[in-house]
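# What the coordinates show
Below are the chains, spelled out letter by letter.
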Amino acid sequence: MGEKPQFDLSELTEFRFAPDWAKEGAPTTPITYRDSRDPRRDGERRGGRPGSPGRRPGRDGAAPSGARRERTERGARPDRGDRRPRREDRRPVRQQVEPAEGFRVELRPTNSSLQVFAKEVQEHKRVYPLLSVAGFIMAGKDRYDLVFMRLENGPMLIHSKKGDGACWLTEEEALAYLPKAPWFSEFYTTEQQQAEPPKGSFSAIAKCSRGGELIGPNNWHGYQAALMQLYRAKYAHMPLDAFKNSIVTEKGEEVVAQWLQQVSTKSVWRPTREDAAETVLESLKDVQADFRAHHYEDAYEVVDKVFVNGATPAEVLSPGLEAHLYTLATRTRKHPQILIPNLCHGMARNHVPIFKWQGNHYTGPGRVRAIPADTTLADRMAAIVAWAKEHSGERVDAMFAALSGTAAGTEEATAAFAPYAADLIWLLDQGFLVVMNDNTLWFPKGEVAPPAPTRDRERTHRKRSKKTPSKPKQAAPSADTPADTTEQQSPVHESE
């Protein structure tokens, strides 16, 4: 083998790991800084040609920063502040849950709401557009119901018998609702017993930001069990991930002491039935098992159809059913005309006429129709009809004042208007005139009806109807077209 080459390392004594400008003896070169407000550069930044004018003089050139600050202090340009809302002011984001499948769902007005309108129509003889009635129904959550009808192979509906409106899709959901049910004390009593507090060094406590419940330290061995127990007891109606996202951590000796005092006592439950006086249930799982064995059928029933009021809290509904309630109610509130078919059936059940006039559906004391040609009206009624035909769309008070010769609002007006009011009520019940909910009087048909057909015409019409299997639907008459006096008995009547 040859001899190893010898390296001279003395040249590396002066070696420095630094750039040339930082070494000793390096020449100093003055550094020039370019003015960031150079108009030439400003023009280039704005996409213009070099040397072209940049920003307006009022922005950078003429208005110094001191002048701008002084103008702000005077209040000429108020401070807009932070446009982003504060964290505590932000609304909680709704967790999107898919509506449960296997049901036919309808939104219907409650009978109590329909009875209010039926009473209003019969007492005051006013006509209301069904679209306005639908808007009134959707303005209050307690004015409509959601009807869930189970389809073939659909999930079961577990409905509460206790009148709290609870409805679930699975037995697990029904049992999880048990601790917060208002009828829980009917079956179980709760007792507090002393327990040994957990040992260890704890500096922070996990807390639910929704209800303020203390859960425990993250390093506590019972943390997960306490977390899930709180979720099943109070927040089972919401997704588990959303519940976990609401957990926050608080530090301090006071919150730790409060949690230690909380866990130093534990809850136990005793059944209220006579044969279990000595039974002690140590956990909610034991309570649910005892409830399933002895009281489940007393509190719940499995049904194929259930009515859920719009004001039912989300805590007493299965998430899939509550998603139906929220989605359908929101859509109907934006488009009230969706409710009109069910509204027509509901008003018909309360014996309130429904009719179609000028392309829209209305409800009132009677279906609008033309005055038959062979009808002879009294002088006062004929005067009311003639005035309404000439002044259709004006207020009822104006008609009373014009025909009675007494100004409205005077002491003599009540006695002078009474005979005309009685005759007007009869005309409204017959459908010859219409008084809208804004107190305007209308002559709906515009012309009298044609004379009644003779027997020969009736026989010809019957022969033609036998040959024709189905009668085509006639278009709604206009103000110049004579109307037929035949009334149909369908829930939604279109005047012809």
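Look up: the structure comes first, before these words.
Heads up: these notes are all about the structure in this document. Note that the structure is predicted; figures quoted are calculated from it, not measured.

## Remarks on the overall build of the protein chain
For the protein chain, the count of helices and strands is 17 helices and 17 strands. The proportion of buried residues among the 496 residues of the protein chain is 34%. Restricting to contacts in the protein chain with at least 6 residues of sequence separation, those with at least 24 account for 68%. Working note: accessible area of the protein chain is about 32800 Å², and carbon and sulfur atoms make up 49% of it.

## Thoughts on the side chain of Lys125
Inspection of the secondary structure assignment puts Lys125 in the loop between α4 (111-124) and β2 (128-129). Of the residues examined, Lys125 reaches a relative accessible area of 13% and is grouped as buried. A distance of 3.3 Å separates a polar atom in the side chain of Lys125 from the backbone oxygen of Gln122. With near-sequence residues (within four places) excluded, Lys125 lies in contact with Glu120, Pro365, Ile425, Leu428, Asp429 and Val435.

## Quick notes on helix α7 (residues 223-234)
One turn of an α-helix holds 3.6 residues; hence residues three or four places apart share an orientation. Its 12 residues give α7 an end-to-end C-alpha distance of 17 Å, which sits within 8% of 16 Å, the value for a rise of 1.5 Å per residue. What α7 keeps buried is the set Tyr223, Leu227, Leu230, Tyr231 and Ala233. Where the residues of α7 are buried, they touch α6 (171-176), β7 (204-208), β8 (214-216), α8 (240-245), β9 (247-251) and α10 (284-294).

## Observations regarding the packing of aromatic side chains
Counted according to the given criterion, the structure contains 22 aromatic pairs. The interplanar angle of 45° and the centroid separation of 5.2 Å between the aromatic rings of Trp168 and Tyr177 together place this pair among those described as tilted. Relative accessible area serves as the criterion here: at 4%, Trp168 is assigned to the buried category. By relative accessible area, Tyr177 is classed as buried at 4%. With 6.4 Å between their ring centres and 85° between their planes, Phe291 and Tyr300 make a pair best called edge-to-face.

## Description of the side chain of Asn439
Among the secondary structure elements, Asn439 is positioned in the loop between β15 (434-435) and β16 (441-442). For Asn439, a relative accessible area of 15% translates into the label buried. If near-sequence neighbours (up to four positions away) are discounted, Asn439 is found in contact with Arg126, Glu394, Arg395, Val396 and Asp397.

## Some details on the packing of α4 against helix α13 (residues 340-349)
At their nearest, the axes of α4 and α13 sit 10 Å apart, and the two run at 65° to each other. Our classification of the angle between α4 and α13 gives roughly perpendicular. For the element pair α4 and α13, the recorded crossing hand is right-handed. Touching Asn111, Leu114 and Phe117 of α4 are Leu343, Gly346, Met347 and Arg349, all from α13. Residues that form the contact of α4 with α13 fall into these classes: four nonpolar, two polar and one charged.

## Quick notes on the nonpolar core
Formed by 56 residues in total, the largest nonpolar core has its most connected members in Leu107, Leu157, Tyr177, Trp183, Phe291 and Tyr300. Take this core: its biggest share by element is five residues, from helix α5 (residues 130-138). Excluding its chain neighbours within four sequence positions, the residues that come into contact with Trp183 are Ser160, Lys162, Asp164, Tyr177, Leu178, Phe291, Ala299 and Tyr300. Within the second largest apolar cluster, 21 residues are counted, among which are Leu377, Met381, Phe400 and Ala413.

## Details of the pairing of strand β3 (residues 144-150)
Successive residues of a regular strand alternate their side chains across the two faces of the sheet. Of all seven residues in β3, six are buried, a share of seventy percent or more. Here strand β1 (residues 103-109) pairs with β3 via seven bridges, running antiparallel. By the bridge assignment for β3, Arg108 is matched with Asp145. With five bridges joining them, β3 and strand β12 (residues 305-309) adopt antiparallel strand pairing. Residue pairing across strands places Leu146 opposite Val308, the latter belonging to β12.

## Observations concerning the environment of Leu157
With respect to the helices and strands, the residue Leu157 is situated in strand β4 (residues 157-160). Taking C-alpha positions, Leu157 is 9.9 Å from Phe103, a pair spaced 54 residues apart along the chain. What Leu157 contacts, discounting residues up to four positions off in sequence, is Phe103, Phe148, Cys167, Trp168, Leu169, Glu301, Val302, Val303, Asp304, Lys305, Val306 and Leu321.

## Points about the pattern of salt bridges
For the structure shown, the criterion picks out 12 salt bridges. The salt bridge partner of Arg108 is Glu106, with a shortest N-O separation of 3.0 Å. Note that Arg270 is salt-bridged to Glu191, the shortest N-O span being 2.9 Å. One end of the pair, Arg270, is in strand β10 (residues 265-271); the other, Glu191, is in strand β6 (residues 188-194), and 79 residues separate them in sequence. Take Arg270: its relative accessible area is 22%, and that puts it in the partly exposed class. Among the residues examined, Glu191 registers a relative accessible area of 30% and is labelled partly exposed.

## Quick notes on the environment of Ala388
For Ala388, the position within the fold is in helix α14 (residues 379-390). Look at Ala388 and you get buried, because its relative accessible area is 0%. Counting along the chain gives 45 residues from Ala388 to Leu433, while the straight-line C-alpha distance between them is 7.9 Å. Non-local contacts of Ala388, meaning those with residues more than four positions away in its chain, are made with Leu433, Leu441 and Phe443.

Rules of the game
- Residues numbered from 1 in each chain as written.
- Predicted model: local features only at pLDDT ≥ 70, side-chain atom pairs only at ≥ 80, totals over all residues.
- Heavy atoms only, no water.
- Helix = DSSP H or I, 4+ residues; strand = E, 2+ residues; numbered from the N terminus.
- Buried < 20%, exposed > 50% of the residue type's maximum accessible area, 1.4 Å probe, protein only.
- Contact = heavy atoms within 4.5 Å.
- Areas by Shrake-Rupley, 256 points an atom, 1.4 Å probe, with all protein chains shown as cover.
- Polar contact = N/O pair within 3.5 Å; in protein donor to acceptor, adjacent residues only side chain to side chain.
- Expected span 1.5 Å × (residues − 1).
- Phe/Tyr/Trp six-rings, centres within 6.5 Å; stacked < 30°, edge-to-face > 60°.
- Axes fitted to C-alpha atoms, helices over the stretch in contact; angles between N-to-C directions.
- Parallel < 35°, antiparallel > 145°, perpendicular 65-115°, else oblique.
- Left-handed = near helix turned anticlockwise from the far one by under 90°.
- Nonpolar A, V, L, I, M, F, W, Y, C, P; charged D, E, K, R; others polar.
- Core = buried A, V, L, I, M, F, W, Y, C linked by side-chain atoms within 4.5 Å.
- Pairing = 2+ DSSP bridges.
- Salt bridge = Lys/Arg side-chain N within 4 Å of Asp/Glu carboxyl O.

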